[in-house]
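Coordinates in review
Single-letter residue listing:
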There are 2 protein chains.
Amino acid sequence: MEREFLRWLRGRLPGDPRLIVPPGDDAAVLRLGGSDVVVTVDLLTEGVDFLLAQHDPRKIGRKALAVNLSDLAAMAARPLAAFVAVALPRDGARELAESLLAGMQPLAEEFGLAIAGGDTNTWDGPLVLSVTALGEPGPGGSLRRNGARPGDVLMATGSFGGSILAHQFDFTPRVREALLLAERYPLGAGIDVSDGLAIDALHLAEESGCGVALDLARVPIAPDAERLAFEKPAGGTALDHALGDGEDFELLLAVAPEVARRMLDEQPLGATPLTEIGRFVDAPGLWQLRQGALTALAPRGWEHRASS
Amino acid sequence: MEREFLRWLRGRLPGDPRLIVPPGDDAAVLRLGGSDVVVTVDLLTEGVDFLLAQHDPRKIGRKALAVNLSDLAAMAARPLAAFVAVALPRDGARELAESLLAGMQPLAEEFGLAIAGGDTNTWDGPLVLSVTALGEPGPGGSLRRNGARPGDVLMATGSFGGSILAHQFDFTPRVREALLLAERYPLGAGIDVSDGLAIDALHLAEESGCGVALDLARVPIAPDAERLAFEKPAGGTALDHALGDGEDFELLLAVAPEVARRMLDEQPLGATPLTEIGRFVDAPGLWQLRQGALTALAPRGWEHRASS
């Protein structure tokens, strides 16, 4: 529903000169006096994003903050503050609130973010957390989704697939990586992978008014994607998991070919590889590059997740 | 749980120089480059703040935005933008999302606020809405809760009680009133009445390190409080409703006696009366003024509602 609703929403909302980046990107950007502020919100619910009976509430709290930090990373923004609203099941509400916050604090400290306020509620329903994160644009300004151009290279950080086994809770949002890349290279466009590598690459292309072709042989596959494919072959190949699982929270970037070459030579992120995984093309849609030719590729990945 | 948890939270959170107003006020204030931004979040849940089976979803959407505007009013801040995160019951999710937004839009336009982003989710639980609103400090800077001094007069806008009959959904947040008052008068402290007149007056006093004495004979009672008292005498008197019902979303202000006199003479808010309803006193706690003497008054009102 998300994408379709967002399109409808964008059509309905009047343009506002203070809104430098409108709904539909990883975060919105507002102009405030002389400063820009980057704002993103993500709401997590029991049964969709976590299972309280299975997952340590500290991990749930950490994830709620981390997905927002990942959105700030996708804008190449520096984290400033977060606001945490929760609907807590009545039973054990106080302990649960403390555990959620205890899971957020180390991450907030690591990324220099202030937990600046919130709203705690108890009710008869399951746990819901909504985190709003604010940031300021990094060295290259706000990184949009709409700046990819046909001919640009699609670059990815890290590896993909199998996040359900652990990565969805213990990933490190690519904030430092995004800021470092934005400082050293001209970046055309960026997104973080929450819905799935293939579909988020398509989102980047669609927002930029072009298409994207993945070079499937180059997609970096996470060990947990291999493990899932081995343990449950009916669930698809490791590549299927890499393309479709989502919640990798890696960055996809559009950069000019000469920038991609420099990135590949310099590998500036140390232990985190930067990989060329495709090209932006004129023809709208999602494609695969096979022996130099384009073939259509069906998008995979969840549609449940948030934008801005 | 809210107040106790907030106290615990404030003890746990490291101070942050960018956080001009920390958690516990009606909103937080962040310093961003040269500008300050006022941020507040409120989360509303089915069964606590509304009943989807009874209340038009447009009214629910309007209320979710209006309670945040009321928090900005309590800081004497000018609204800028709102971010809306929702957890929607799967059945009819799209129609519900559209109705919620349709309820927000007229209010957003009226107060010059951009609906700048959000996060729509569907799940198997009941409706949850979380709205984060951003504003900029008004003419007198951010109005805090902690600036009341013993001897200050407690002033109130409008009238109190019986909000459950209609006012909780159709109130107009006191944004314009707050900005006008902040421009014309020095204001010591302010809060909006969400938990209840008596308990929110006490919040103001506690944050300011003093007490407050209400002059019960002067409390302006709303017609709906009279109606409730008449129709259900077991529920308390009209004054009980005025003191304890909550969700009046009127402003309580602490001002110096000479400022109060000017306000009362000038009645600058037109149809909305400004009334003197008490005094801040040295002795901590909630009191009533009776024939010049202080008597203890038990706080009433909900503890469910939000801060910052």
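Here the structure is a predicted model, which is why all the values come from computation and not from measurement.

Here we come to the overall build of chain A. Broken down by element type, chain A carries 9 helices and 13 strands. A globule of 308 residues ought to have a C-alpha radius of gyration of about 19 Å, and chain A, at 19 Å, matches this closely. The dimensions of chain A, computed from C-alpha atoms along their principal axes, are 60 × 55 × 40 Å. Counting contacts in chain A only where the partners sit at least 6 residues apart, residues at least 24 apart contribute 83% of the total. With an accessible surface of roughly 10900 Å², chain A has 51% of that area assigned to carbon and sulfur atoms.

Contact residues are listed per partner, giving 64 residues for chain B and 65 residues for chain A. Interface of chain B and chain A: buried area, both sides summed, is about 5300 Å²; carbon and sulfur atoms make up 65% of it. Summed over the shared surface of chain B and chain A, the result is 0 salt bridges. Run the count over chain B and chain A and you get 11 residue pairs in polar contact (both at pLDDT 80 or more).

For these two chains of identical sequence, chain B goes onto chain A by a turn of 180 degrees and a shift of 0.0 Å along the axis, with RMSD 0.0 Å. The superposition of one copy onto the other is thereby described by a two-fold rotation axis. Here 100% of the interface residues in chain B have copies in chain A that are interface residues too; the copies meet face to matching face.

This part takes up the packing of aromatic side chains. Residues and elements named next belong to chain A. Tallied over the entire structure, the rule returns 3 aromatic pairs over all chains. Centre to centre, the rings of Phe171 and Phe249 are 4.2 Å apart; their planes meet at 20 degrees, and the pair counts as stacked. You can see Phe171 sitting in the loop between helix 4 (167-170) and helix 5 (175-184) and its partner Phe249 sitting in the loop between helix 8 (238-244) and strand 10 (251-255), a full 78 residues away along the chain. In this pair, the class of Phe171 matches that of Phe249, namely buried. When the ring centre of Phe169 is taken as reference, the NZ or CZ atom of Lys63 above it lies at 5.0 Å.

Taken as a whole and assessed by the stated rule, the structure comprises 34 salt bridges over all chains. Of the charged contacts in the structure, one is a salt bridge between Arg145 of chain B and Asp26 of chain B, with a shortest N-O distance of 2.9 Å. Here the residue Arg145 of chain B occupies a position in the loop between strand 6 (128-137) and strand 7 (153-157), and Asp26 of chain B occupies one in the loop between strand 1 (19-21) and strand 2 (28-32), the gap between them amounting to 119 residues. For the pair Arg145 of chain B and Asp26 of chain B, a shared accessibility class is recorded, and that class is buried. Between Glu250 of chain B and Arg174 of chain B there is a salt bridge; the shortest N-O distance is 2.8 Å. Taken as a pair, Glu250 of chain B in the loop between helix 8 (238-244) and strand 10 (251-255) and Arg174 of chain B in the loop between helix 4 (167-170) and helix 5 (175-184) lie far apart in primary sequence, 76 residues in all. Exposure remark for Arg174 of chain B: the relative accessible area of 13% places this residue in the buried category. Connected via shared salt-bridge partners are Asp25, Asp26, Arg144 and Arg145 of chain A.

A word on the packing of helix 2 (residues 57-74) of chain A against helix 3 (residues 93-110) of chain A. All names here are of chain A. It is at 7 Å that the axes of helix 2 and helix 3 come closest, and there the two elements cross at 45 degrees. Considering their axes alone, helix 2 and helix 3 lie oblique with respect to each other. When you trace helix 2 past helix 3, the crossing you get is right-handed. Contact residues: Pro57, Arg58, Ile60, Gly61, Arg62, Ala64, Leu65, Ala66 and Leu69 in helix 2; Leu96, Ser99, Leu100, Ala102, Gly103, Met104, Leu107 and Ala108 in helix 3. Of the residues assigned to the contact of helix 2 with helix 3, the class counts are 12 nonpolar, 3 polar and 2 charged.

All names here are of chain B. In spatial order, the strands read 1-2-3-6-4-5; together these 6 strands make up an open sheet with mixed pairing. With partners counted over all chains shown, the strands left at the sheet margins are strand 1 and strand 5 (114-123), one partner each. Each strand axis lies, on average, 25 degrees off the axis of its neighbour in the sheet, ignoring direction. Across 8 bridges, the pairing between strand 3 (residues 35-45) and strand 6 is antiparallel. In the sheet register, Val39 faces strand 6, and the bridge partner there is Leu134. On top of the sheet, helix 2 (residues 57-74) reaches strand 3, strand 4 (77-89) and strand 6; it is set at about 140 degrees to strand 3, its chief contact.

All names here are of chain A. Reading across the sheet, the 7 strands line up as 8-10-7-11-9-12-13 and stay open at both edges, with mixed pairing between neighbours. The strands lining the two open edges of the sheet, one partner per strand, are strand 8 (189-192) and strand 13 (293-296). Geometrically, the sheet is characterised by an average inter-axis angle of 30 degrees between neighbouring strands, direction not taken into account. When strand 7 (residues 153-157) meets strand 10, the two strands line up antiparallel, connected through 4 bridges. Bridge pairing in strand 10 links Ala156 to Leu252.

Residue and element names in this part refer to chain A. Of all 5 residues in strand 7, 5 are buried, a share of seventy percent or more. Judged by which residues are buried, strand 7 turns out to be covered on both faces: Val153, Met155 and Thr157 on one side and Leu154 and Ala156 on the other are all buried. Sheet analysis places strand 7 next to strand 11 (residues 274-281), joined by 5 bridges and oriented antiparallel. Of the residues in strand 11, the one forming a bridge with Thr157 is Leu274.

All names here are of chain A. Model confidence for chain A is summarised by a mean pLDDT of 92, while 92% of its residues fall at 70 or above. Every residue in residues 301-308 scores below 50 in pLDDT, and together they form 48 contacts with partners more than four places removed in sequence or on other chains. Of the two predicted TM-score estimates for the complex, the pTM is 0.92 and the ipTM is 0.91.

Our next topic: the side chain of Asn68 of chain A. All names here are of chain A. Mapped onto the elements of the fold, Asn68 is located in helix 2. Using a relative accessible area of 0% as the deciding quantity, one classes Asn68 as buried. For Asn68, the contacting residues outside a window of four places in its chain are Thr40, Val41, Asp42, Val131 and Ala133.

Residue and element names in this part refer to chain B. When you line up the elements, Ile60 lands in helix 2. Classification of Ile60 by relative accessible area gives buried; the value is 0%. Linking Ile60 and Leu80, residues 20 residues apart in sequence, is a C-alpha distance of 21 Å. Not counting residues up to four positions away in its chain, the partners in contact with Ile60 are Phe50, Leu52, His55, Leu100, Leu127, Leu129 and Phe169.

Glancing now at helix 3 of chain A. All names here are of chain A. The end-to-end C-alpha distance of helix 3, which contains 18 residues, comes to 27 Å, matching closely the 26 Å that a straight helix rising 1.5 Å per residue would cover. If you look at helix 3, its biggest bend is around 25 degrees, right at Met104, and the proline Pro106 turns up within four residues after that. Inspection of helix 3 places Ala93, Arg94, Leu96, Ala97, Leu100, Leu101, Gly103, Met104, Gln105, Leu107 and Ala108 among the buried residues, and these make up the whole buried set. Once helix 3 finishes, Gly112 follows within two positions and takes phi at roughly 60 degrees, a positive value.

Reading the values: rules and limits
Residues numbered from 1 in each chain as written. Chains lettered and ligands numbered in written order. Predicted model: local features only at pLDDT ≥ 70, side-chain atom pairs only at ≥ 80, totals over all residues. Heavy atoms only, no water. Helix = DSSP H or I, 4+ residues; strand = E, 2+ residues; numbered from the N terminus. Rg over C-alpha atoms; globule rule 2.2 N^0.38 Å. Contact = heavy atoms within 4.5 Å. Areas by Shrake-Rupley, 256 points an atom, 1.4 Å probe, with all protein chains shown as cover. Buried area = accessible area lost by both parts, 1.4 Å probe. Salt bridge = Lys/Arg side-chain N within 4 Å of Asp/Glu carboxyl O. Polar contact = N/O pair within 3.5 Å; in protein donor to acceptor, adjacent residues only side chain to side chain. Least-squares fit on C-alpha atoms with pLDDT ≥ 70 in both. Phe/Tyr/Trp six-rings, centres within 6.5 Å; stacked < 30°, edge-to-face > 60°. Buried < 20%, exposed > 50% of the residue type's maximum accessible area, 1.4 Å probe, protein only. Lys NZ or Arg CZ within 6 Å of the ring centre and 35° of its normal. Axes fitted to C-alpha atoms, helices over the stretch in contact; angles between N-to-C directions. Parallel < 35°, antiparallel > 145°, perpendicular 65-115°, else oblique. Left-handed = near helix turned anticlockwise from the far one by under 90°. Nonpolar A, V, L, I, M, F, W, Y, C, P; charged D, E, K, R; others polar. Pairing = 2+ DSSP bridges. pLDDT = per-residue confidence, 0-100. Expected span 1.5 Å × (residues − 1). Bend = angle between axes of the 7 residues up to and from the residue.

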